[in-house]
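Read off the chains here:
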Amino acid sequence: MMTTDYPFAISGDEFKGKRVLVTGGTKGMGAATVRRFQLSGAVVATTARSDLPRELAPDLFIQADLGTAAGAQKVVDRIKQEWDGLDILVDNVGGGETKPGGFEALSDEEWLGVLNLNLLAAVRLDRAFVPGMMARGSGVVVHISSVSHLLPFPNSMIAYAAAKAALRTYSKGLSKSAAARGVRVAMISPGFIETSGAHGMIMEIAQIEGIDEDAARQRIVDMLGGIPLGRPGRPEEVTELVAFLASDRAAFITGTDYVLDGGTIPTV
């Protein structure tokens, strides 16, 4: 069950009656976003390839692989059957894996897999739900990207960075198409956010290199070129920006990419 402890003050009816889909919402930033919208009165659906963790209780859970066209269609069909559309869509699902070597180590199949998950998952869901938002004259889409598209690493994660760069361009174009019909589209590009998955990576580095947790965390910070605020971000800090962008307080915001990285990127 969800608990009501949350690090920021929120209104329990801020999103009352809103139908929200958060993709990749069973852990990390996605899980925090699901929780934030539920605590604010929305009805929330989420998706994941894995089973739903016991501690989460979305109003609707659809187990699907959004890295495939069939998985995306499964989500679309279920949402339309249950709710007949969405008011807020948070395209959060994404990810990439490092492997030995650089760009030359990536096969066509691996490139396509990264593009499917980090770009086309959003494209497919937007294509299904944004027209309904436009017909109703209101709606919000928030794409979750990464500072990787501004700070690509020279390793196999280059495919992930390229996919997020494509997402940024697509997001801007979609915002221009949808704005005149009352639908806003924005993007958030987080830096180093210490999710449970990121913490696992920290502990893996510590074990492999024989260093303590703090030193391993600093190793990642150094790889990014530093974080002027002196620490990684928290999932809820990303979620608060999602909530703001989805709210009426952001009624004049569309087509913008918000870098949320503690100052890592020196200029944009």
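Residues numbered from 1 in each chain as written. Predicted model: local features only at pLDDT ≥ 70, side-chain atom pairs only at ≥ 80, totals over all residues. Heavy atoms only, no water.

1. A few points about the pattern of salt bridges
We count it as follows: Salt-bridge detection follows one rule: a side-chain nitrogen of Lys or Arg within 4 Å of a carboxyl oxygen of Asp or Glu. A run of DSSP states H or I qualifies as a helix once it reaches four residues; a run of E qualifies as a strand once it reaches two. Both are numbered from the N-terminal end.
Considering all chains together, one arrives at 12 salt bridges under this definition. Glu-240 serves as the salt-bridge partner of Arg-36, at 2.7 Å between the closest nitrogen and oxygen. A residue pair is termed long-range when its members are at least 10 positions apart, and Arg-36 in helix α1 (residues 28-39) and Glu-240 in helix α7 (residues 235-246) qualify at 204 residues. Here Glu-237 makes a salt bridge to Arg-231, at a shortest N to O gap of 2.7 Å. A single network of salt bridges, built from pairs that share partners, joins Glu-14, Arg-36, Glu-240 and Arg-249.

2. So, the packing of aromatic side chains
To describe a pair of aromatic rings, you give the distance between the ring centres and the angle between the ring planes. Keep this limit in mind: Working definition: rings of Phe, Tyr and Trp (its six-membered ring) pair if their centres are within 6.5 Å, and the pair is stacked with planes under 30 degrees apart, edge-to-face with planes over 60 apart, and tilted otherwise. Exposure categories follow from relative accessible area, calculated using a 1.4 Å probe and restricted to protein chains: below 20% of the type maximum is buried, above 50% is exposed, and the middle band is partly exposed.
As enumerated under the stated definition, the model contains 2 aromatic pairs in all. Seen from their ring centres, Tyr-6 and Phe-8 are 6.2 Å apart, and the 65 degrees between their planes marks the pair as edge-to-face. By relative accessible area, which is 14% here, Tyr-6 ends up buried. Owing to a relative accessible area of 30%, Phe-8 belongs among the partly exposed residues under this scheme.

3. A word on helix α6 (residues 213-223)
A turn of α-helix holds 3.6 residues, and therefore any two residues three or four places apart point the same way. The criterion, for reference: The directions considered for the arc run from the helix axis to the C-beta atoms. Whether two residues touch is decided by their heavy atoms; if any such pair falls within 4.5 Å, the residues are in contact. Two N or O atoms form a polar contact when they lie within 3.5 Å of each other; inside protein one atom must be a possible hydrogen donor and the other a possible acceptor, and for residues adjacent in sequence the pair counts only when both atoms belong to side chains.
Looking at α6, one finds that the buried residues are Ala-216, Arg-217, Ile-220 and Val-221. Buried residues of α6, seen end-on, are gathered within an arc of 145 degrees and therefore sit on one face of the element. Contact partners of the buried residues in α6: α5 (196-209). Measuring from the side-chain oxygen of the N-cap residue of α6 to the backbone nitrogen of Asp-214 gives 3.3 Å; that N-cap residue is Asp-212. A positive backbone phi angle near 95 degrees is found at Gly-225, which sits one or two residues after α6.

4. Description of the side chain of Asn-92
Mapped onto the secondary structure, Asn-92 falls in the loop between β4 (88-91) and α3 (108-136). Taking the relative accessible area as the measure of exposure, Asn-92 reaches 12% and is therefore buried. In this structure the side chain of Asn-92 is engaged in a polar contact, spanning 3.0 Å, whose partner is the backbone oxygen of Gly-24. Those residues in contact with Asn-92, other than ones at most four positions away along the chain, are Val-22, Thr-23, Gly-24, Met-29, Gly-30 and Ile-144.

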